[in-house]
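Tertiary structure, described
Residue strings, one per chain:
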Amino acid sequence: MKDAAPQTVHLKDYTPFGYLIDKVSLTFLLHPSQTRVRARIAFRPNPETSDRRFFLHGEGLTLISASIDGAPVAPEITEEGLTCAVPDAPFLWDSEVQIDPAANTALEGLYMSNGMYCTQCEAEGFRKITYYPDRPDVMAPFDVRIEGDEPVLLSNGNPGAKGDGFAEWHDPWPKPAYLFALVAGDLVNHPGRFTTRSGREVALNIWVRPGDEHKCAFAMESLIKSMTWDEDVYGREYDLDVFNIVAVDDFNMGAMENKGLNIFNSAAVLASPDTSTDANFERIEAIIAHEYFHNWTGNRITCRDWFQLCLKEGLTVFRDAEFTADMRSAAVKRIEDVIALRARQFREDNGPLAHPVRPESFVEINNFYTATVYEKGAELIGMLKTLVGDEDYARALDLYFERHDGEAATIEDWLKVFEDATGRDLTQFKRWYTDAGTPRIEVTEEYDDGTYTLHFEQKTPPTPGQEDKPPRVIPIAVGLLGPNGDEVRETEILEMTEEKQSFSFEGLGAKPVPSILRGFSAPVILRREIPDAERAFLLAHDTDPFNKWEAGRDLARAGLLAMLREGAAPDGLYLDAVQAMARDEALDPAFRALALGLPSQDDLAQALHDAGTTPDPQEIWEALERLKDARAQAMQDLAPKLYAQYQVTDPYRPDAAQSGARALANASLGLITRLDGGAQAQKQFDGADNMTQQLAAFSCLLQAGRGEAATRAFYDQWRHDRLVIDKWFMMQIVNAKPDRAADMAEALTRHPDFTMKNPNRFRATLGALAMNPAGFHRKDGNGYRVLADWLIRLDPLNPQTTARMCTAFETWRRYDAGRQAKIGAELNRILVVEGLSRDTTEMVSRILAA
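Residues numbered from 1 in each chain as written. Predicted model: local features only at pLDDT ≥ 70, side-chain atom pairs only at ≥ 80, totals over all residues. Heavy atoms only, no water.

**Here's the deal with the overall build of the protein**
Looking only at helices and strands, the protein has 27 helices and 31 strands in total. Once the C-alpha set of the protein is aligned to its principal axes, its extents read approximately 85 × 65 × 60 Å. Put simply, the protein has 850 residues, and 60% of those count as buried. The contacts of the protein with a sequence gap of at least 6 include a subset with a gap of at least 24, amounting to 70%. Separation between the mean location of the 91 positive side-chain charges and that of the 131 negative ones in the protein comes to 3 Å. (Helix = DSSP H or I, 4+ residues; strand = E, 2+ residues; numbered from the N terminus. Buried < 20%, exposed > 50% of the residue type's maximum accessible area, 1.4 Å probe, protein only. Contact = heavy atoms within 4.5 Å. Lys, Arg positive; Asp, Glu negative; His and termini not counted. Charge placed at Lys NZ, Arg CZ, Asp CG, Glu CD.)

**Let's talk about the packing of helix H15 (residues 638–645) against helix H16 (residues 656–676)**
Here H15 crosses H16 at 145°, and the two axes come no closer than 8 Å. For the pair H15 and H16, the sense of crossing is left-handed. On H16, the residues that touch Ala639, Pro640, Leu642 and Tyr643 of H15 are Leu664, Ala665, Ser668, Leu669, Leu671 and Ile672. Taken together, the residues of the contact of H15 with H16 break down into nine nonpolar, one polar and no charged. (Axes fitted to C-alpha atoms, helices over the stretch in contact; angles between N-to-C directions. Left-handed = near helix turned anticlockwise from the far one by under 90°. Nonpolar A, V, L, I, M, F, W, Y, C, P; charged D, E, K, R; others polar.)

**Remarks on the sheet that holds strand E27 (residues 474–481)**
Backbone-to-backbone hydrogen bonds join strands into a sheet, with any given pair of strands oriented parallel or antiparallel. Taking strand neighbours across the sheet as the criterion, the three strands line up as E28-E27-E30 in an open arrangement whose pairing is antiparallel. At either end of the open sheet lies a strand with only one pairing partner, and these are strand E28 (487–496) and strand E30 (513–516). Ignoring strand direction, the axes of neighbouring strands in this sheet form an average angle of 25°. The pairing of E27 with E28 spans seven bridges and is classified as antiparallel. In the strand pairing of E28, proline 475 is matched with glutamate 495. In this fold helix H9 (residues 532–541) packs onto E27 and E30, with an angle of close to 70° to the strand it touches most, E30. (Pairing = 2+ DSSP bridges.)

**Quick look at the pairing of strand E18 (residues 201–208)**
With six of its eight residues buried, E18 lies for the most part within the structure. As paired elements, strand E17 (residues 188–195) and E18 share eight bridges and run antiparallel to each other. In the strand pairing of E18, arginine 193 is matched with alanine 203. Hairpin connection of E17 to E18: five residues between the antiparallel strands, including glycine 199 at a positive phi of 100°. Following the backbone out of E18, through helix H1 (residues 217–234) and into the adjacent parallel strand E19 (residues 242–248), one traces a crossover that is left-handed. (Right-handed = clockwise from strand over helix to strand, strands pointing away.)

Honestly, that's just the spatial picture; any functional story needs more than this.
Encoded structure:
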């Protein structure tokens, strides 16, 4: 069945469903190609609305039978669902449908993954399982019976009766259909237990394919830490007798928070020191926490409609960031989050895909699982907490859980809770949810007779569908440093509410150096003309870790832009300042490793574009290479010392201390490789006893042009580990020279281990090409062609992954006319493909509209 013609859904058109559901009973008779699903649903009229149109969503279903109160009915069936005349009173709906899980390559609904049945129902996958009002504001308790030959049969809630070839599950908590889950297959479990603070004993299980049991321990530790943290910090206890996690190889996203049965991409749960890097461990810890925290912020309280997606995702991303900050280094976590926000969300806000944190309309909701909804949504929660303070934030959250438990809520409900708990008027703050774009803040200063004044002006550029943007409330954290580097004013929050606003500091003995936007207190772009000497001063003396890092990054960026615009030599001031920072033993090794990083190619391209200069991706790459070489020369004595000093000899642990030491040692290895051609990297590769060390050395060898033997050795060692081979694919393309990246990606698509049906492998190959900007934007357009070819091939199988990967083209308008013409031609080639999915049609059309 072809997709229906794309139709736009608008927030303003929301109306409640005409019927409430008291109970859902589902029976699954599993078969790879002929699964039968029997549904019994108890409906009753919704007193909150007079609209009695009875419409059930359904896509790709074969209806076997339907009845109301036992009497057969003949519904009118369309591509989108069915309608039927129903009583204006409570009634029982029975239906039976047949579906084909084995043919479901879109990985939405019920599908097969390596012989295992599994589901993905968010956002609108349940309609591919049975006819149902598949919308988040329809909540009901579910009883599920699964019949099949598989040894493990799982669903939501608590286990019920179980016997030969069947298992029953009961979920007492009302939930929308997108939280439904089912898994059946040959699985083994890694068990654990947790006792809640009220005494409930909870059985914990991580279910994996046989052979993966040894990779579950860290995920179980992370789950128990998450459950403890949520009790301690938010007062939220778990509410079922069992919590199951299942690792699935074929999965479009990272993980899914289905009530009591979380389904995870294998890459987001399986970990061992020899196959996973420190970054993998940290990501797994965060995703485990994120999905668990959804039990309250997403499941017990869900969103009324998909326009409110940020309500559950923004809040839960903020909570998992708090968790990681508590488990590891708060300063490093904040810097990492801002790097990611700027790389993904600022880019989104600055292009054709810009949209508000709460969109006003969509064609395909899957296209709005974006950095704006998730990461910017989390920044909004952080600003709220900054504005109201920790105590009022905690009071507001308690009220939110008390008032809206068991409900499908809105952004208005969320803000009303804060207004009631704090007495603040949040009308202006709501603009952060309704207005797209990243505000720019221009800053000037003056000093007169002991009084220092900062002048701020905010402006948000136009975005698609939104021109004039009124001022927002912006919390700006500011501290002041004296000429000797001492802090003369500790951090205070300046609350900017006007388009232009000034703040004065009196009683100062000398003109201070301001540290503005400490902790990145708001997701804005700060513009202030300052000399490089002041940036170096802040890198040396700022007491705020984020702004200390930011000063170094700004100093590097300024030098690189001078190299690109003026042909300048690498900046000696930066080289001296970064070397002093790297040798400062008072600083966290993880912080120093981050501070040795440089602005990304994409960051520099956008900076040039914003200044009215057309960026050349090849020239940007070459400038970065020259600066890296100069830095390696400047640190030729220090880098070997740091490398030796931060070797970890204790047994491997993925904790903050060891991870930070390895990060600094491997950053030093990158410098050394530019001096010795990879000799030390080869030694590390040959002797590595964990994946962090092996992969860092592999990357250095590839960049040094001597990775051929290591590439063969790595593959031979790990050819039977699917997740490590994803790394093997990605590393070769990301580290390729720009003139070889597209050819490398195309060649690897012909490798026997490449499959486009597995999202992880597809992203590791074609996604990696987009992660090599100079290679992707090669002047002859070959990178564009390779990606477009494969997106066209993938779309009929997996529209969701295809659409998301179209974002590689979203910045096309900032490049020269030749590159724009080539990208435009590829986008139009995709758009005219017969039968192109609704997902990809929407994304390509929006990008072309730039």
